[in-house]
Amino acid sequence: MSISTEKKCLLANALGAFALAMILIVAFFFQFSDKEVPCPLCLLQRAGFLLMGFALIMNLRFGLKASHYMLGFLGAILTILSSLRQILLHIIPGTGTYGGAIFSWHLYTWSFIASFGFLCATCVGLWCQSQLNRSTKAPSATTYKPLFYVLLFLLLAISLTNTVSTYMECGLNYCPSNPSGYPHKLL
Amino acid sequence: MMALLFLALSAGLFSLLFKKRTIALTFFSLSVALGLLILWHHFHFNSLKIIL
């Protein structure tokens, strides 16, 4: 694989991380604008998206590696498991739904589609990785250093905001199945 | 428990800032383990409710 192809792969990783950050920001928008308290499965899906972003950011930081893609796989599997569980909970007519909808599909359905898409994209990334010629010097992180810092701080801010809001919702215990508000005070 | 998961994730992302790969991987593994534990707890608790 030529250096320019590797640069393209790194850029694709950066775009992927940005898309994942946007998904999490949309989830926050629904949480605060519609005053929806996220359920435990919704929070697990958010964590899964952050894990996927984490893996892509590692590719940007340490260069393209198959092991980083496999970390993203783990995050995607966790998201798929939790979103599929939530879809199945509401699949029977009359069992109701949870949260808002975009284009008449609920967020957990979109979450399943997005994580499945991530799995497919990771397969393409791994295929690119297998084509990598070890003799070419990898541009790795130095090429996209400013982009890396922007994405890292974005994901870090999202992760810290999630930590605070989850603590206020559940404290340090397991989250209730039907959360009603934010009973725990931060200070 | 979920807050701890997000805290571990934040710590892992923060360690990337200083290029600490091993620490980042440790926090990543901790987050995945916590996530699977919470998911298992969710399945187990709800399955028990249905059976009982």
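For the structure, check the block above.
Every value quoted in this text rests on a predicted model; they were computed, and no experiment measured them. (Residues numbered from 1 in each chain as written. Chains lettered and ligands numbered in written order. Predicted model: local features only at pLDDT ≥ 70, side-chain atom pairs only at ≥ 80, totals over all residues. Heavy atoms only, no water.)

Novice: An account of the environment of B:Ala3 is requested, with residue identities and associated values reported.
Specialist: Mapped onto the elements, B:Ala3 comes out in helix α1 (residues 2-17). Judged by its relative accessible area of 4%, B:Ala3 falls in the buried class. Beyond its immediate chain neighbours, meaning those up to four positions away, B:Ala3 contacts A:Thr163, A:Thr166, A:Tyr167 and A:Gly171. (Helix = DSSP H or I, 4+ residues; strand = E, 2+ residues; numbered from the N terminus. Buried < 20%, exposed > 50% of the residue type's maximum accessible area, 1.4 Å probe, protein only. Contact = heavy atoms within 4.5 Å.)

Novice: Tell me what's going on with the state of the cysteines, and back it up with residues and numbers.
Specialist: Residue and element names in this part refer to chain A. Evaluation of the coordinates by the stated rule reveals two disulfides over all chains. Between the sulfur atoms of cysteine 39 and its disulfide mate cysteine 42 the distance is 2.2 Å. Taking the sign of the torsion about the S-S bond as the criterion, the disulfide between cysteine 39 and cysteine 42, at about 80 degrees, is right-handed. You'll find cysteine 39 and cysteine 42 in the same group, each marked buried. The side chain of cysteine 170 participates in a disulfide bridge whose partner is cysteine 175; the two sulfur atoms lie 2.0 Å from each other. Measuring the twist about the S-S bond at about 95 degrees, one finds the cysteine 170-cysteine 175 disulfide to be right-handed. Of the two residues, cysteine 170 and cysteine 175, both sit in the buried class. Assigning the bonded cysteines of chain A consecutive numbers by sequence position, one obtains the connectivity 1-2, 3-4. There is no disulfide at cysteine 120, and the cysteine sulfur nearest it, in cysteine 123, is 6.3 Å away. For cysteine 120, a relative accessible area of 38% puts it in the partly exposed group. (Disulfide = S-S within 2.5 Å.)

Novice: Now, about the interface of chain B and chain A: what can you tell me, with residues and values included?
Specialist: Taken together, the contacts link 32 residues of chain B with 40 residues of chain A. Summed over both partners, the interface of chain B with chain A buries about 3400 Å², with 79% contributed by carbon and sulfur atoms. Of all residues in chain B, B:Phe6, B:Leu13 and B:Phe28 give up the largest surface area on contact with chain A, accounting jointly for 21% of the area buried on that side. Joining chain B to chain A, the criterion identifies zero salt bridges. When residues of the side of chain B that touches chain A are traced back to their parent elements, those giving at least two are α1 and α2 (21-51) of chain B. Within the side of chain B that touches chain A, the residues separate by chemical class into 22 nonpolar, seven polar and three charged. (Buried area = accessible area lost by both parts, 1.4 Å probe. Salt bridge = Lys/Arg side-chain N within 4 Å of Asp/Glu carboxyl O. Nonpolar A, V, L, I, M, F, W, Y, C, P; charged D, E, K, R; others polar.)

Novice: So what's going on with the side chain of A:Gln45? Which residues, and what values?
Specialist: All names here are of chain A. When you line up the elements, glutamine 45 lands in helix α2 (residues 40-62). Relative accessible area serves as the criterion here: at 5%, glutamine 45 is assigned to the buried category. A polar atom in the side chain of glutamine 45 sits 3.2 Å from the side chain of serine 111. In contact with glutamine 45, other than residues within four places in its own chain, are Thr79, Ser82, Ser83, Gln86, Tyr108 and Ser111. (Polar contact = N/O pair within 3.5 Å; in protein donor to acceptor, adjacent residues only side chain to side chain.)

Novice: Please give an account of unusual backbone geometry that cites residues and values.
Specialist: All names here are of chain A. If you check the backbone angles, lysine 35 has positive phi at about 55 degrees while not being a glycine. Along the chain, lysine 35 turns up in the loop between α1 (3-33) and α2. In this structure lysine 35 comes out as exposed when scored by relative accessible area, which is 70%. Of note, the phi angle at phenylalanine 103 is positive, near 50 degrees, even though the residue is not glycine.

Without other data, these values stay purely geometric and don't point to any function.
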